[in-house]
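Coordinates in review
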Amino acid sequence: MSTDPIIFGSDHAGFGLKKELMAYLQPGYEIIDVGTKDTTSCDYPVYAHKLCQEVLSRQTLGILICGSGIGMSITANRHPGIRAALCLNEYMARMARMHNDANVLCLGDRIIGVELAKSIVDAFLETNFEGGRHLRRIELIDSTFGVPKVEKFEIR
């Protein structure tokens, strides 16, 4: 079992996929769910902000899900230190971690199916940041906003 938790958050549109993915990961990971807790209509930024606060305070990875994944990714990327990536396939998830040290994966419940989502999550969680020239590029992004040097987000 991983020693670092995976933080999950969704709005009402992403609730179903969130439940599926949390159940899928539960045997091997500690799961923290910041909400929403049902399919009652709600505002996705509330849950994106909660997740980002947890990811930053715990220095771990998070997964955000809404209908398309777009709103969650836009909101999450407003947080200094968050590198959220909307991924539609396994390759995007691997590259988001390997080259961009993404610490939040965004998914669209209405865009991808459960089995593809599981494969994307696996790729995201199993891939580590390469560093090197990629670290320099991330620091260039963050330095514009006064964000401290990049911390590696790896699941231990």
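Scope of this entry: the structure provided in the associated data block. (Residues numbered from 1 in each chain as written. Predicted model: local features only at pLDDT ≥ 70, side-chain atom pairs only at ≥ 80, totals over all residues. Heavy atoms only, no water.)

1. Some remarks on the pattern of salt bridges
Going through the model one piece at a time under the given rule, you end up with six salt bridges. Among the salt bridges present, the one from aspartate 101 reaches arginine 97, with a minimum N-O distance of 3.1 Å. The exposure classification of aspartate 101 matches that of arginine 97, with both residues buried. The closest approach of N and O atoms between glutamate 115 and lysine 118, which form a salt bridge, is 3.3 Å. Here the residue glutamate 115 and the residue lysine 118 both occupy positions in helix 5 (residues 114–126), the gap between them amounting to three residues, near one helical turn. Residues joined in a network through salt bridges with shared partners are Lys18, Asp33 and Lys37. (Salt bridge = Lys/Arg side-chain N within 4 Å of Asp/Glu carboxyl O. Buried < 20%, exposed > 50% of the residue type's maximum accessible area, 1.4 Å probe, protein only. Helix = DSSP H or I, 4+ residues; strand = E, 2+ residues; numbered from the N terminus.)

2. Considering unusual backbone geometry
In this structure, the amide linkage connecting glycine 35 to the following residue, threonine 36, adopts the cis form with an omega of 0 degrees. Inspection of the secondary structure puts threonine 36 in the loop between strand 2 (31–33) and helix 2 (44–58). Its identity as a non-glycine residue notwithstanding, glutamine 59 has a phi of 55 degrees, on the positive side. With respect to the helices and strands, glutamine 59 occurs in the loop between helix 2 and strand 3 (61–66). Although it is not a glycine, aspartate 101 sits at a positive phi angle of roughly 50 degrees. Tracing the backbone through its elements, the reader meets aspartate 101 in the loop between helix 4 (90–98) and strand 5 (104–108).

3. Quick notes on the sheet that holds strand 3
Read across the sheet, five strands follow the order 2-1-3-5-4 without closing on themselves; strand pairing throughout is parallel. The open sheet has two free edges, formed respectively by strand 2 and strand 4 (84–86), since each of these has just one partner strand. Here the strands of the sheet are splayed against their neighbours by 25 degrees on average, with no regard to which way each runs. Examined bridge by bridge, strand 1 (residues 6–10) and strand 3 share five bridges and lie parallel to one another. The partner of isoleucine 7 across the bridge, within strand 3, is glycine 62. Sheet strands in contact with helix 1 (residues 15–25) are strand 1, strand 2, strand 3 and strand 5, and its direction is about 165 degrees off that of strand 1. (Pairing = 2+ DSSP bridges. Axes fitted to C-alpha atoms, helices over the stretch in contact; angles between N-to-C directions. Contact = heavy atoms within 4.5 Å.)

4. So, a nonpolar patch on the surface
A contiguous nonpolar patch, built from Leu88, Tyr91, Met92 and Ile111 and spanning about 380 Å² of accessible area, is present on the exposed surface. In this fold, methionine 92 is placed in helix 4. Judged by relative accessible area, methionine 92 falls into the partly exposed class, the value being 31%. (Patch = residues over 30% accessible without salt bridge, like charges linked within 9 Å, V, L, I, M, F, W, Y side chains within 5 Å. Areas by Shrake-Rupley, 256 points an atom, 1.4 Å probe, with all protein chains shown as cover.)

5. Some details on the packing of aromatic side chains
Counted by the stated rule, this structure contains zero aromatic pairs. For arginine 97, the ring lying beneath its charged end belongs to phenylalanine 124, and the centroid distance is 5.7 Å. (Phe/Tyr/Trp six-rings, centres within 6.5 Å; stacked < 30°, edge-to-face > 60°. Lys NZ or Arg CZ within 6 Å of the ring centre and 35° of its normal.)

6. As for the pairing of strand 1
Burial analysis of strand 1 places five of its five residues in the buried class, the great majority of the element. Residues Ile6, Phe8 and Ser10 line one face of strand 1 and the alternating positions Ile7 and Gly9 line the opposite face, and both faces are buried. Here strand 1 runs beside strand 2; their pairing, made up of three bridges, is parallel. Directly across from isoleucine 6, in strand 2, lies its bridge partner isoleucine 31. The parallel pair strand 1 and strand 2 is bridged by helix 1, and the resulting crossover is right-handed. (Right-handed = clockwise from strand over helix to strand, strands pointing away.)

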